[in-house]
Structure formats: C-alpha cells, structure tokens
Amino acid sequence: MNILISNDDGIYAAGVRALAEALSDTEHRITVVCPDRERSATGHALTLQEPLRVDQIEGVYPSNIEAWACSGTPSDTVKLALDALLSDRPDLVLSGINRGANLGTDVLYSGTVSAAMEGVLEGVPSIAFSLTSFAHLDFSAAANFAKKMVNMISTYPLEEAILLNVNIPAIPESDICGAVVTRLGIRRYKDLFEKRIDPRGKTYYWLSGVVVEEEAEADTDIQAIRDNYVTITPLKYDLTLAAAIPFMNTWIEKLATLTGS
C-alpha cells in the first residue's frame, strides 16, 4: 500500500517517528508529511491568510521514507500532501502516534483526529492513533498495534473511506487486554485561564483545563481505556442530528405561522 503519515505534534515528535519506523520494514511505501512544529488542539483549522512552506527532512527517518515538514496545521499537511506533494494517491492515511489521549469529545479539538479526517474527506480511509499519556514516552506498544492494523487492512481492506480513532493505553504491551470497538464517551473540562503579565507589562492569559466529568458507560472508549483495552472508534464527518429533523420540521411550520410567512 501507499501510506501517508501525518500528526499534530510535529515532524520530529517521538510518536510519528515510532510509527514510521515500525512500518519502514514492510512492503508499504511510506511518506511522512507533518507540521514543522507542535500544532496540538488546532482542530480542523486551515491556513488561508499566508502561504504554506515545506522542507524535505533528511537524516531523521529511515532512508526508504520520504519526509516533509509543512508550516501549516495538521489538516493543511494532509491536504497539501494529497493535492501537491504525492505523485500517487495514498491507499491509507495515518495520523499520530499522538502524545496524549483523544477520547470522547476530545476528538472535536484534536489536530491528530482532524488530520485523519482530512484523508476521509478526500475519500481515503484513515486512522488516528493516540497513546493515552503525556508523560509516557514509550511508543513501542502503540506502534506495534498500528503495524498490525495496517497489515490487517492490507489483507482485508476497509469497505469505505471511514475514520478509525484508536487509543492505546500507556501500559506495558503485555498488560494490554486486547482491542475493542467502542463509541465515544463524553469528557467535560473546567477551563482555567491563568492571568499573567509579560515583560512589557501587558496582560495575557494561558489556557489550561482539567477533566471534571466523564460519561464512561461500558461500551465507551473512556471506560475501555480504564479497563486496559485498545479502543477503536469509527467516526464520520456528518454531524447532522437526524433524530431532531422531524421536530425541527414541526417547529419551522409553527415559526412560519408566527411570522405570517
């Protein structure tokens, strides 16, 4: 397969290097195109007000892997790779391995998930990989699982262009209980804006946040990670709340009556 790898932690991040190196000894053709620096929590942002710049990276990845650094967001990198850098369209887009979980409603903010979603928007099956710890720097278990998934897809291709959001618990590989298909849980944060003063006396704010509530029913990704399982959650970009359409049709009829339309 022809595989494109991107991320949001940047071209030099340990996670993407572990992923690329794990796949470098396979028969697949690997190209890495990542932001030139960390671009976490950028969601699906695109760069429209300035040009995108790219530099080929030498000496960082195995010699059989072509690697590029892009000045833009994670979504920029995938769009640029698909439409400008790659001579052949990839069969699969991989994003990650992210440092930190992308569970539940985190996916709405995640640059890692957005990079993979960009592949799906272009009709290419995609997978976002995340290791569920910011402190744990051993990506070997996650990279090994990613390699197994890629080999599985090579033998049993996905039937359509879908996004699989994969989270791997940050524990020894021998302690992982297996892999399960899950739905998204819900994580709610308390946003904390720390007020600071810069050297010129101007006020600025530094955003941080802590999880204050998690809805983690048995079939959710959040609970499965707690139980030491790798989670695989299929996602789609259609955010339409179909169940609300009948109510909204009734509501709009009443609105027309009130406005005399």
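Residues numbered from 1 in each chain as written. Predicted model: local features only at pLDDT ≥ 70, side-chain atom pairs only at ≥ 80, totals over all residues. Heavy atoms only, no water.

### Let's talk about the pattern of salt bridges
Piece 1. Counted according to the given criterion, the structure contains 9 salt bridges.
Piece 2. Among the salt bridges present, the one from Asp-25 reaches Lys-147, with a minimum N-O distance of 3.0 Å. Taken as a pair, Asp-25 in the loop between α1 (14–23) and β2 (29–35) and Lys-147 in helix α4 (residues 140–155) lie far apart in primary sequence, 122 residues in all.
Piece 3. Look at the salt bridges and you will find they share partners, linking Arg-183, Glu-217 and Asp-219 into a network. (Salt bridge = Lys/Arg side-chain N within 4 Å of Asp/Glu carboxyl O. Helix = DSSP H or I, 4+ residues; strand = E, 2+ residues; numbered from the N terminus.)

### A word on the side chain of Thr-220
Piece 1. Turning to its location among the elements, Thr-220 is positioned in the loop between β10 (203–215) and α5 (221–226).
Piece 2. Residue classification places Thr-220 among the buried positions, given a relative accessible area of 1%.
Piece 3. Polar contacts involving the side chain of Thr-220 include one to the main-chain amide nitrogen of Gln-223, which spans 3.4 Å.
Piece 4. If sequence neighbours within four positions are ignored, Thr-220 has contacts with Thr-182, Arg-183, Leu-184, Gly-185 and Glu-215. (Buried < 20%, exposed > 50% of the residue type's maximum accessible area, 1.4 Å probe, protein only. Polar contact = N/O pair within 3.5 Å; in protein donor to acceptor, adjacent residues only side chain to side chain. Contact = heavy atoms within 4.5 Å.)

### Things to note about unusual backbone geometry
Piece 1. Cis rather than trans, the peptide bond between Gly-96 and Ile-97 has omega equal to 5 degrees.
Piece 2. Among the structural elements, Ile-97 can be located in strand β5 (residues 92–99).
Piece 3. One non-glycine residue, Ala-41, adopts positive backbone phi at about 60 degrees.

### Thoughts on the side chain of Thr-31
Piece 1. Tracing the backbone shows Thr-31 in strand β2.
Piece 2. Apart from residues no more than four positions distant in its own chain, Thr-31 is found in contact with Ile-3, Leu-4, Ile-5, Glu-66, Trp-68 and Leu-86.

### Structural notes on the pairing of strand β11 (residues 230–235)
Piece 1. In terms of residue burial, β11 counts as a mostly covered element, since 5 of its 6 residues are buried.
Piece 2. Bridge count between strand β7 (residues 163–168) and β11: 5 bridges; the pairing is antiparallel. Bridging across to β11, Leu-163 finds its partner in Leu-235.
Piece 3. Examined bridge by bridge, strand β8 (residues 179–181) and β11 share 3 bridges and lie parallel to one another. Paired with Val-180 across the strands is Thr-231, a residue of β11. (Pairing = 2+ DSSP bridges.)

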